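# Structural overview for review
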Amino acid sequence: LFVFNRETGEPLFPIEERPVPQSDVAGEVSSATQPFPKLPRPLVPHQFKPEDAWGALPSDRKWCGEQLAKLRNEGIYTPPSLKGSVAFPSNVGGINWSGMSYDPTRNLLITNTNRIALVVKLIPRADFDAQRAAAGKGKGEFARQTGTPYGMVREVLLSPHETPCNP
């Protein structure tokens, strides 16, 4: 959460550039750093590890943990990859899609958060149409990424019983 003075645009808390995971896709260059506010502390976790896996059944929890272990999973800002990367919080996570309110009496910021884990996988252009057709309707969100060497698929990380792999 970045907090700025609404009149000057100056940050109310220090912001620092930190190293972030780099792309492992040949020819792709990602930013070496991203900005992080020093305060307030993050409102949602920045990584979803195999040991954090959830499931209504022990078998679901085990399956989810195994899936997480197979994916590129280096925390926030992990770039999409050919083997699949965990996006957590995802583009539908964190505080991205909600309004916020400030209570000056209690000095509280009130916001809801989403903690949805997604798997994002790059697909070589030559394989894109076949993979999308093989997945079938409703199995992931496929994006052509026109003008690039890769398309991509993004889907919620769900257990075999189609419940989220994260609590």
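Note: the structure precedes this text.
Residues numbered from 1 in each chain as written. Predicted model: local features only at pLDDT ≥ 70, side-chain atom pairs only at ≥ 80, totals over all residues. Heavy atoms only, no water.

Attention now moves to the packing of aromatic side chains. Under the criterion given, the structure shown has four aromatic pairs. Both rings, one in F2 and one in F4, keep their centres 6.5 Å apart while their planes meet at 15 degrees; by these two values the pair is stacked. Note on F128 and F142: the rings are 5.9 Å apart at their centroids and 75 degrees apart in plane angle, and the pair reads as edge-to-face. Here F128, found in helix α2 (residues 125-135), pairs with F142, found in strand β7 (residues 141-143); they are 14 residues apart in sequence, far enough to count as distant. (Phe/Tyr/Trp six-rings, centres within 6.5 Å; stacked < 30°, edge-to-face > 60°. Helix = DSSP H or I, 4+ residues; strand = E, 2+ residues; numbered from the N terminus.)

To continue, consider the environment of Y150. With respect to the secondary-structure elements, Y150 resides in strand β8 (residues 150-156). Look past the residues within four positions of Y150 in its chain and what remains in contact with it is V25, L82, L122, I123, P124, R125, R144 and Q145. (Contact = heavy atoms within 4.5 Å.)

Let us now look at the sheet that holds β7. Read across the sheet, four strands follow the order β3-β6-β8-β7 without closing on themselves; strand pairing throughout is antiparallel. This sheet does not close on itself; its edge strands, each paired only once, are β3 (85-87) and β7. Between one strand and the next, the sheet's axes are offset by a mean angle of 25 degrees, whatever the strand orientation. Pairing between strand β6 (residues 118-124) and β8: seven bridges, direction antiparallel. Within the sheet, the bridge partner assigned to V120 lies in β8 and is R154. (Pairing = 2+ DSSP bridges. Axes fitted to C-alpha atoms, helices over the stretch in contact; angles between N-to-C directions.)

Of note, S90 is situated in the loop between β3 and β4 (100-103). Polar side-chain contacts of S90 include one of 3.0 Å to the backbone oxygen of I116. (Polar contact = N/O pair within 3.5 Å; in protein donor to acceptor, adjacent residues only side chain to side chain.)

A rise of 1.5 Å per residue sets the reference length of helix α1 (residues 58-70), with its 13 residues, at 18 Å; its end C-alpha atoms lie 19 Å apart and thus fit the reference within 8%. Within α1 the residues assigned to the buried category are D60, C64, G65, Q67 and L68. For α1, the buried positions fall inside an angular range of 160 degrees around the axis, keeping them on one side. Exposed residues on α1 whose side chains face more than 90 degrees from its buried face are P58, K62, A69 and K70. Summarising the contacts, the buried residues of α1 are in contact with β3. (Expected span 1.5 Å × (residues − 1). Buried < 20%, exposed > 50% of the residue type's maximum accessible area, 1.4 Å probe, protein only. Arc of directions from axis to C-beta.)

Moving on, we come to the pairing of β4. Bridge count for β4 against strand β5 (residues 108-111) is four bridges, and the pairing is antiparallel. By the bridge assignment for β5, D103 is matched with L108. Between the antiparallel neighbours β4 and β5 lie four residues, among them N107 with a positive phi of about 55 degrees.

Once that is clear, we can look at the nonpolar core. With eleven residues, the main nonpolar core is built from F48, A53, C64, L68, L71, V86, F88, A117, V119, L157 and C165. When residues no more than four places from it in sequence are discounted, the contact partners of C64 are A53, W54, S159 and C165. In this structure, V25, L122, A143 and Y150 belong to the second largest nonpolar core, which totals six residues. (Core = buried A, V, L, I, M, F, W, Y, C linked by side-chain atoms within 4.5 Å.)

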